[in-house]
Each structure stands twice: as C-alpha cells, then as structure tokens.
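What follows is the residue order along each chain.
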Amino acid sequence: ETGVTQSPTHLIKTRGQQVTLRCSSQSGHNTVSWYQQALGQGPQFIFQYYREEENGRGNFPPRFSGLQFPNYSSELNVNALELDDSALYLCASSLGARELFFGEGSRLTVL
Amino acid sequence: DAKTTQPTSMDCAEGRAANLPCNHSTISGNEYVYWYRQIHSQGPQYIIHGLKNNETNEMASLIITEDRKSSTLILPHATLRDTAVYYCIVSGAGGTSYGKLTFGQGTILTVHP
C-alpha cells in the first residue's frame, strides 16, 4: 500500500473520445509522474509535474496533457483516443527522493 | 539515460537466494542504478538504488561492480511472493529527474516451491 490512489481502475472508451484519469499522491508528495504501460511492455514515461508545473515530458504527442492541483493531486487527459492508447496508466509520486511510489493504475481499453 | 540489459527470465527455488544481473556498460558517472519490481496487476514497487557502493535494505542487496558497468540484485531468501518482473534502471541524479525513469523489458523471476 503506497498511499497513491488512482481512479477509475478500469474504463472503456471508443476511438476519438476523450478521457481523464485521476491520481491522488501520497500525502505531502509534490511531484507526480505519469507512465503508460502497454501489455507485455515496461512502463513508458509520459510526463512529470512538480509544484503544478510540467517538468519534463517523454515521447508522447500533445493530445496527452496533464494538470497538477495545489493539493498535488493530478490528472492525465488524453484527447482523440486511438486504439494504441489502450494500456495501463500509472501514476507515481515522490518528494525529492529517489524512491517513487506507484499507484495500482487505471486500465484503459479503447474500442 | 544509459541503456540496461537484463535476462528475459530466471527461475529460483523458494528459500534460496535469487541473483538478478544487469548490464549497464554506458552508465555515466552521475547516474544511479535503481531496481523496481512489478507483481502481476500491480504498480511497480521500489526495491533499492545505488551509485557506486553496495547497498542493502530490508528487501534486497545491490552489488555494483567497481567499473559500474554491471550490477546484481540479490534477494537473499526468495519466497513465492517474490515472483514478479524485476526492472533495472539507470537514471540521472539531478533535480527532479527521479521521476523520469526509463523502464526496459525487465527480468521475469519465477520462484518455485
């Protein structure tokens, strides 16, 4: 149990739709990172938020966007969903330390 | 970040030590070695990290070679609950780079009764 909670745990969308995934970081953690994990692959870094500002981005198109709120919780938004966006989306929080605390993920299926 | 190479899979008997190798020959001087594991259907779990000295915590030991080009994660007494995918990751030390990890395919460790 890491104290990082994600919602929803599972969801199904159709191609072209938009989705919002939410992450509540561990208490006091000011940094949130988002990862995408396709089936059978390792997690891939999407972006990171530090004190409400984007602080680094992986190789993902602009239709992947995010927000971090004053309480350090975060959202991942994906527009114009494609079939290849089907994956487990992981959120991880940290507080200036090397250890990341991951949530259990949100599994997105795009039909 | 430096690239890592790990065996695709390994087996270990319950109660024995599991030694998971990782090659990172292009590691630079300020990059750390991290190990995470992912049990089926769960998020990754931090295990240990190190720079150049060997490290030990309640979960595992990390042995880094003197030239830092390879490392070994040791689970001293593997249990069935240690069956998971183990990721070796090399990442920079600066600022908030801690959260920007490059995961490879990892090693699937299966612990047998």
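Please refer to the structure higher up on the page.
Now for a description of the structure that goes with this document. Source: prediction; values computed, not measured.

What counts, and where the lines are drawn
- Residues numbered from 1 in each chain as written.
- Chains lettered and ligands numbered in written order.
- Predicted model: local features only at pLDDT ≥ 70, side-chain atom pairs only at ≥ 80, totals over all residues.
- Heavy atoms only, no water.
- Disulfide = S-S within 2.5 Å.
- Helix = DSSP H or I, 4+ residues; strand = E, 2+ residues; numbered from the N terminus.
- Buried < 20%, exposed > 50% of the residue type's maximum accessible area, 1.4 Å probe, protein only.
- Polar contact = N/O pair within 3.5 Å; in protein donor to acceptor, adjacent residues only side chain to side chain.
- Pairing = 2+ DSSP bridges.
- Axes fitted to C-alpha atoms, helices over the stretch in contact; angles between N-to-C directions.
- Contact = heavy atoms within 4.5 Å.
- Buried area = accessible area lost by both parts, 1.4 Å probe.
- Salt bridge = Lys/Arg side-chain N within 4 Å of Asp/Glu carboxyl O.
- Nonpolar A, V, L, I, M, F, W, Y, C, P; charged D, E, K, R; others polar.

**Thoughts on the state of the cysteines**
Evaluated as defined, the whole model comprises two disulfides over all chains. Note that Cys23(A) is cross-linked by a disulfide to Cys91(A), the S-S spacing being 1.8 Å. As the torsion about the S-S bond is roughly -60°, the Cys23(A)-Cys91(A) disulfide counts as left-handed. Here Cys91(A) lies in strand β9 (residues 87-94) and Cys23(A) lies in strand β3 (residues 19-24), a separation of 68 residues in the sequence. With respect to class, Cys23(A) is no different from Cys91(A); both count as buried. Disulfide partner of Cys22(B): Cys88(B), at an S-S distance of 2.1 Å.

**A word on the environment of Gln38(B)**
Residue and element names in this part refer to chain B. Tracing the backbone shows Gln38 in strand β3 (residues 32-38). Polar side-chain contacts of Gln38 include one of 2.9 Å to the backbone oxygen of Gln42. At a separation of 3.4 Å, a polar atom in the side chain of Gln38 contacts the side chain of Tyr87.

**Looking at the sheet that holds strand β8 (residues 84-91) of chain B**
In a beta sheet, neighbouring strands are held together by backbone hydrogen bonds and run either parallel or antiparallel to one another. All names here are of chain B. Pairing in this open sheet of five strands is mixed, and the strands run β1-β9-β8-β3-β4 from one edge to the other. Of all strands in the sheet, those bounded by a partner on one side alone are β1 (9-13) and β4 (45-50). Neighbouring strand axes in the sheet, compared pairwise and without regard to direction, differ in orientation by 25° on average. Alignment of β1 against strand β9 (residues 107-112), held across five bridges, turns out to be parallel. Across the sheet, the residue bridging to Asp11 is Thr110, located in β9.

**Here's the deal with the interface of chain B and chain A**
Opposite the 20 residues of chain B that make contact, chain A presents 23 residues. A buried area of about 1800 Å², summed over both sides, lies between chain B and chain A, and 50% of it is on carbon and sulfur atoms. Taken together, the connections running from chain B to chain A amount to zero salt bridges. For the pair chain B and chain A, the interface holds five residue pairs in polar contact (both at pLDDT 80 or more). Contributions of two or more residues to the side of chain B that touches chain A are made by β3 and β4 of chain B. Ranked by residue count, the leading element in the side of chain B that touches chain A is β3(B), at four residues. The residue makeup of the side of chain B that touches chain A, split by class, is 10 nonpolar, nine polar and one charged.

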